[in-house]
Amino acid sequence: MNNGKNSVSIKVYDKKRNSLVNRQIDELIPELVAAQINIDFQLEAIKCQTIIVRTALIRKARAFGGKGCSKHKEADFCLEGHCGKWISKEELKKKWEKDFDRNWEKLLKAEEETKYLVMTFNNKVIDPRFHSTCGGATDNSENVDDYNTAYLRKVLCNYCIDSPCWKNIKELNTDEIEEKFNVRFKKLSSLNGANIEGMIEEIERDEEGRVKKIKVGDKILKGTDFCECLGLDSTRFGWEPVVLRFETRGKGHGLGLCQYGANSIAEQGGKAQEILKYYYTGIDIKKYEMPDRNRPINNKVIVIDPGHGGEENVGVIGQHKLMEKDISLSIALDLKRELEDLGAKVILTREDDVYIPLSSRARTANKIRPNFFISIHMNSFTNPNISGTEIYHYRGDKEGEVMANFIIKNMEKELRIVNKGVKIADFYLLKTVTTSALHIEVEYLTNPEEERKFLNNDYTKRIARSIANGITEYYKYQI
Ligand SMILES: [Zn+2]
Ligand SMILES: [Zn+2]
Ligand SMILES: [Zn+2]
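All figures in this text were calculated on a predicted structure; none of them were measured in a lab.

J.: Would you take a moment to explain the overall build of the protein chain for this structure?
T.: When helices and strands are tallied, the protein chain shows 14 helices and 21 strands. For the protein chain, the C-alpha radius of gyration of 32 Å lies well beyond 23 Å, the compact-globule estimate for 479 residues. Taking the principal axes of its C-alpha atoms as reference, the protein chain extends roughly 105 × 65 × 45 Å. Expressed as a percentage of the 479 residues in the protein chain, the buried residues total 48%. Just so you have it, the protein chain exposes about 25,500 Å², and 48% of that area is on carbon and sulfur atoms.

J.: Looking at this structure, I do not really get the sheet that holds strand β15 (residues 284-287). What am I missing?
T.: Whenever strands of a sheet pair, they do so through backbone hydrogen bonds, lying parallel or antiparallel. A sheet is described by the order of its strands in space; here three strands give the open sequence β5-β4-β15, paired in antiparallel fashion. Of all strands in the sheet, those bounded by a partner on one side alone are β5 (124-125) and β15. Sheet topology note: the strand β4 (residues 117-121)/β5 ladder contains two bridges and is antiparallel. The partner of F121 across the bridge, within β5, is K124.

J.: What should I look at first to understand the coordination of the zinc ion (ligand 1) in this one?
T.: For a metal with four tetrahedral donors the ideal donor-metal-donor angle is 109.5 degrees, while six octahedral donors give ideal angles of 90 or 180 degrees. Taken together, the protein ligands of the zinc ion (ligand 1) are C69 (SG), C78 (SG), H82 (ND1) and C83 (SG), with distances of 2.0 to 2.4 Å. Taken together, the four donor atoms coordinating the zinc ion (ligand 1) and their angles of 102 to 115° define a geometry best described as tetrahedral. Using a relative accessible area of 0% as the deciding quantity, one classes C78 as buried. Residue H82 is classed as partly exposed on the basis of its relative accessible area of 35%.

J.: What is the right way to read the packing of aromatic side chains from this model?
T.: One pass over the structure, following the stated rule, counts 15 aromatic pairs. Ring centres of Y116 and Y288 lie 5.5 Å apart, and the angle between their planes is 85°; this geometry places the pair in the edge-to-face category. With Y116 in the loop between α4 (100-113) and β4 and Y288 in the loop between β15 and β16 (301-306), this pair connects stretches of sequence that are 172 residues apart. As far as burial versus exposure is concerned, Y116 and Y288 are alike and both buried. Of note, K300 hangs over the ring of Y475, and the distance from its end group to the ring centre comes to 5.0 Å.

J.: Whenever I open this one, the coordination of the zinc ion (ligand 2) confuses me. Can you help?
T.: Here the zinc ion (ligand 2) is held by the protein donor atoms C134 (SG), C157 (SG), C160 (SG) and C258 (SG), which lie 2.2 to 2.3 Å from it. Coordination at the zinc ion (ligand 2) is tetrahedral, judged from the four donor atoms that bind it and the angles of 103 to 116° they form at the metal. Linear spacing of the donor residues for the zinc ion (ligand 2) on their chain is C-x22-C-x2-C-x97-C. Assessed through its relative accessible area of 1%, C157 is described here as buried. Judged by its relative accessible area of 0%, C160 falls in the buried class.

Rules used throughout
- Residues numbered from 1 in each chain as written.
- Chains lettered and ligands numbered in written order.
- Predicted model: local features only at pLDDT ≥ 70, side-chain atom pairs only at ≥ 80, totals over all residues.
- Heavy atoms only, no water.
- Helix = DSSP H or I, 4+ residues; strand = E, 2+ residues; numbered from the N terminus.
- Rg over C-alpha atoms; globule rule 2.2 N^0.38 Å.
- Buried < 20%, exposed > 50% of the residue type's maximum accessible area, 1.4 Å probe, protein only.
- Areas by Shrake-Rupley, 256 points an atom, 1.4 Å probe, with all protein chains shown as cover.
- Pairing = 2+ DSSP bridges.
- Donors = N, O, S within 2.8 Å, 3.2 Å for Na, K, Ca; no water.
- Tetrahedral: all angles 85-135°; square planar, octahedral: opposite > 155°, others 65-115°.
- Phe/Tyr/Trp six-rings, centres within 6.5 Å; stacked < 30°, edge-to-face > 60°.
- Lys NZ or Arg CZ within 6 Å of the ring centre and 35° of its normal.

Following this line, the structure appears as structure tokens:
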């Protein structure tokens, strides 16, 4: 938990000064909030935006494992709009004049009352998307981003119905549309109207081109009456559509929080945390923790699953009579120690040489809902010369894939194993465990040279360390 004593500072890129400056997060928050939401909104809505801004800052900050600003490489966050809209305190003074003190106090109050709070999902800081007005329902992330984000799900929202952006109309000339898309619409000869279904249809013309009868809506009129009514000069006429009217509902990409909706829930007495939990599916809101260099994976929860076990399930047996069940258990125990030293909470699915069915291993993991689940195994093949390491993840488990790559690269570098790659599999545990899961085939126990390495007690420790290094690196670069 946050001890409240330290304020975190991050490196920001300031466009006006064209330089990198250190800014305290707490001090930067009100300026970002001021630029991103209508200051006249309810305090609880302003508090929502404050938590959104803080979540975005912590997510980017390198000290918390973020990637920083993708445009200004040395900065954690930029103040030119790319990382989020921003306005300086000085500019706010000019903009708000006599209202400045009152508004600024409101921003500080929102900061104070949400101190250190950020939104997380599975213990990771979320990408806090928001928009002005959803217009009836927010959207699923895959419709906007092309990938599925678990907490950015569609929710119904009629709360924003009074937003000035609920409905908007924009008219564009067809030649503007032609120009924008670099296309040419079919031009109509001016004395030959095209039928526009349900609006205007030509029924009869004489050989001279004069309209005798015309259908307008569901009425059939004489050409002369039509001309008189509209004040047209002649019954020799044509028509073509030159303006298209677009009607839009809502404003913005529609992901995450709908600001006008949030404000109206606040008007009805809703509190900031409830509002955020309504728009971001399944999130938690908690105080962020100060990064600890010595404990880089502080509070991460990892379940390690040593493969096989007991008399009835020994796994592979090598030429020197080493058994897979024993090696996987000693790697798991060593890995537990390594990870605990780095600050993680580690649970093993078995701690002794006992038989445990896969279903109860899965149950253990699903009850704990760890950050990661890792099964440890030794491989086998008929050809004793084959050696190397493989790591499997379930199809679509993006985090698993990224983590597997960090681990296998570290093993390759530190143990000089043959990297046989990160692969997809639908093993029972990968499929059944609901969090990201990996299955590591550490080495081929059928290869006597590889097996001999395990006769040395230190070797499982070295393996455990290289896996732990991969895990640490993953969390360092996690977004
Ligand atoms: Zn940026
Ligand atoms: Zn809405
Ligand atoms: Zn196995």
